[in-house]
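Overview (structure and organization)
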Amino acid sequence: MVSENKVNISSNSSSPLGRLGGAWWKIIAVIFVLYTIVAGFLIPVPAQPILHETIRNLYFHVPMWFSMMTILFVSLWHSIKYLGKSSIDSDISAAQAANVGMLVGALGLATGSVWAKYTWGAWWVADTKLNGAAITMLIYLAYFVLRGSIDEEQKRARISAVYNIFAYVLLIVFLMILPRMSDSLHPGNGGNPGFNNYDLDKNMRMVFYPAVIGWILLTVWIFTLRVRIEKLKRKKLFND
Amino acid sequence: MTSTLNKIMLSVALLFVSATASAQETNAPIEMATGLYQSGKIYVVVIVMSLIFVGIAGYLIMLDRKISKLEKESK
């Protein structure tokens, strides 16, 4: 239902933003991310030992994970919808959302690794949060291996939808629950509920929240592009 | 007698030294990129990053329009 609406909106070229795919939120996404690039570098940050200026990475590294969790939730949502209605459109959406989730997840891992090198002193630390993130990525990579191994369309959609539900449950366990149950170098863990030990002051919040919203919207935008391409490809396959 | 006095004096002196040393440690300014901000060259970084992002956003808009056109054609 949701994805159908999106296509309808996007093909409605009579609206002023029609040629853009007809969505104001795409402009919000660009403005917010652009704002975080400018403000993220220029607005003063609290001076913290070890972190120094790298505290600004918060504006760029953390939104990657917020985006990943959001877009993978979209993927889960479409998988559940598929199991209800068996519409292949839901399967396309679920797979494409997981795909974009892997993109932002990989960027999150890479940026986190660089940040770790210059603050903790190593590219990778055997830490519950870091290993949990890596395991989550592998679980989702297995989702694509599973899809690739089944030729029949409905069967592939059904089995991968069930797997996707398991995958999201494991994501919550590995990213949200286990890191909070053990000590971790990573902020927001070891019983600490959030970013408070970053001294996330008022200035930083003014950049951080738009950064999260902007990157989530940008991720969703890329996701809708991928879905539209896949649907076109499928349509062409049937017409030929 | 003098040796104990000396020892006490020495330990007091060392205590003082360690106290000032630790005080220095806590008061030492945390190094930030103040030079980069003072010289104004941080703006160069901001402009470069903004350009890259505007480029990527423009590319996404182009893709979006292209797909919209294809969708219209295949209707």
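Residues numbered from 1 in each chain as written. Chains lettered and ligands numbered in written order. Predicted model: local features only at pLDDT ≥ 70, side-chain atom pairs only at ≥ 80, totals over all residues.

**Focus: the overall build of chain A**
- Each helix and strand counted, chain A has seven helices and zero strands in total.
- Reading the secondary structure of chain A in the N-to-C direction produces α-α-α-α-α-α-α.
- Put simply, chain A has 240 residues, and 38% of those count as buried. (Helix = DSSP H or I, 4+ residues; strand = E, 2+ residues; numbered from the N terminus. Buried ≥ 20, exposed ≤ 12 C-beta atoms within 10 Å, placed from the backbone.)

**Quick look at the environment of Thr-70 of chain A**
Residues and elements named next belong to chain A.
- Tracing the chain through its elements places Thr-70 in helix 3 (residues 58–85).
- Thr-70 sits in the buried class, given 20 other C-beta atoms within 10 Å.
- For the pair Thr-70 and Asp-151, spaced 81 residues apart in sequence, the C-alpha separation works out to 29 Å.
- Setting aside its immediate chain neighbours within four residues, Thr-70 contacts Ile-216 and Thr-219. (Contact = placed C-beta atoms within 7 Å.)

**Details of the interface of chain A and chain B**
- Facing 23 residues of chain A, the contacting portion of chain B comprises 22 residues.
- For the side of chain A that touches chain B, the secondary structure elements donating two or more residues are helix 2 (24–42) and helix 7 (202–239) of chain A.
- If you tally residues by element for the side of chain A that touches chain B, the top one is helix 2 of chain A, at seven residues.

**Comments concerning helix 3 (residues 42–73) of chain B**
- End to end, helix 3 of chain B covers 47 Å across 32 residues, agreeing with the expected 46 Å (1.5 Å per residue, within 8%).
- Asp-64, Ile-67 and Ser-68 of chain B are the residues of helix 3 of chain B that are buried. (Expected span 1.5 Å × (residues − 1).)

**Topic: the environment of Ser-113 of chain A**
All names here are of chain A.
- Mapped onto the fold, Ser-113 is located in helix 4 (residues 88–119).
- Here Ser-113 falls in the partly exposed class, since 15 other C-beta atoms lie within 10 Å of it.
- Separated by 17 residues in the primary sequence, Ser-113 and Gln-96 have C-alpha atoms spaced 26 Å apart.
- Every residue in contact with Ser-113, bar those within four places of it in the chain, is listed here: Trp-123 and Trp-124.

**Thoughts on the environment of Lys-72 of chain B**
Residue and element names in this part refer to chain B.
- Tracing the backbone shows Lys-72 in helix 3.
- Accessibility expressed as a C-beta count within 10 Å gives 11 for Lys-72, which makes it exposed.
- Sequence separation of Lys-72 and Ile-52 is 20 residues, and the distance between their C-alpha atoms is 30 Å.

**With respect to the confidence of the model for chain B**
All names here are of chain B.
- When the pLDDT values of chain B are averaged, the result is 80; 80% of them are 70 or greater.
- Between the elements of chain B, mean pLDDT differs from a low of 65, seen in helix 1 (residues 2–27), to a high of 92, seen in helix 3.
- This complex was scored by the predictor with a pTM of 0.81 and an ipTM of 0.76. (pLDDT = per-residue confidence, 0-100.)

**Thoughts on the nonpolar core**
Residues and elements named next belong to chain A.
- Of all hydrophobic cores here, the largest spans 49 residues; its most connected members are Ile-71, Leu-72, Ala-97 and Phe-223.
- Of all the secondary structure elements, the ones that give two or more residues to this core are helix 2, helix 3, helix 4, helix 5 (128–148), helix 6 (153–181) and helix 7.
- Counting residues per element, this core draws most heavily on helix 7, at 14 residues.
- In this view, Ile-71 contacts Ala-97, Val-100, Gly-101, Val-104, Thr-219, Val-220 and Phe-223; residues no more than four positions away in its chain are not counted. (Core = buried A, V, L, I, M, F, W, Y, C linked by C-beta atoms within 7 Å.)

**Section: the packing of helix 7 of chain A against helix 3 of chain B**
- Direction vectors running N to C along helix 7 of chain A and helix 3 of chain B enclose 30°, while the axes themselves pass 10 Å from each other. As far as their axial angle goes, helix 3 of chain B and helix 7 of chain A are roughly parallel. The interaxial crossing formed by helix 7 of chain A with helix 3 of chain B has left-handed handedness. Seen from helix 7 of chain A, the contacting residues are Trp-221, Leu-225, Arg-228, Ile-229 and Leu-232 of chain A; seen from helix 3 of chain B, they are Leu-60, Leu-63, Asp-64, Ile-67, Leu-70 and Glu-71 of chain B. (Axes fitted to C-alpha atoms, helices over the stretch in contact; angles between N-to-C directions. Parallel < 35°, antiparallel > 145°, perpendicular 65-115°, else oblique. Left-handed = near helix turned anticlockwise from the far one by under 90°.)

**Re unusual backbone geometry**
All names here are of chain A.
- Positive phi, close to 50°, is recorded for His-52, a residue that is not glycine.
- Structurally, His-52 can be placed in the loop between helix 2 and helix 3.
- Judged by C-beta crowding, with 16 C-beta atoms within 10 Å, His-52 ranks as partly exposed.
- Of note, the phi angle at Ser-86 is positive, near 55°, even though the residue is not glycine.
- Mapping Ser-86 onto the fold places it in the loop between helix 3 and helix 4.
- On the basis of neighbour counts, which here come to 13 C-beta atoms within 10 Å, the residue Ser-86 falls in the partly exposed class.

**Describing helix 4 of chain A**
- The end-to-end C-alpha distance of helix 4 of chain A is 46 Å, a good match for the 46 Å that 32 residues give at a rise of 1.5 Å each.
- Positive backbone phi, at 95°, marks Gly-121 of chain A, one or two positions downstream of helix 4 of chain A.

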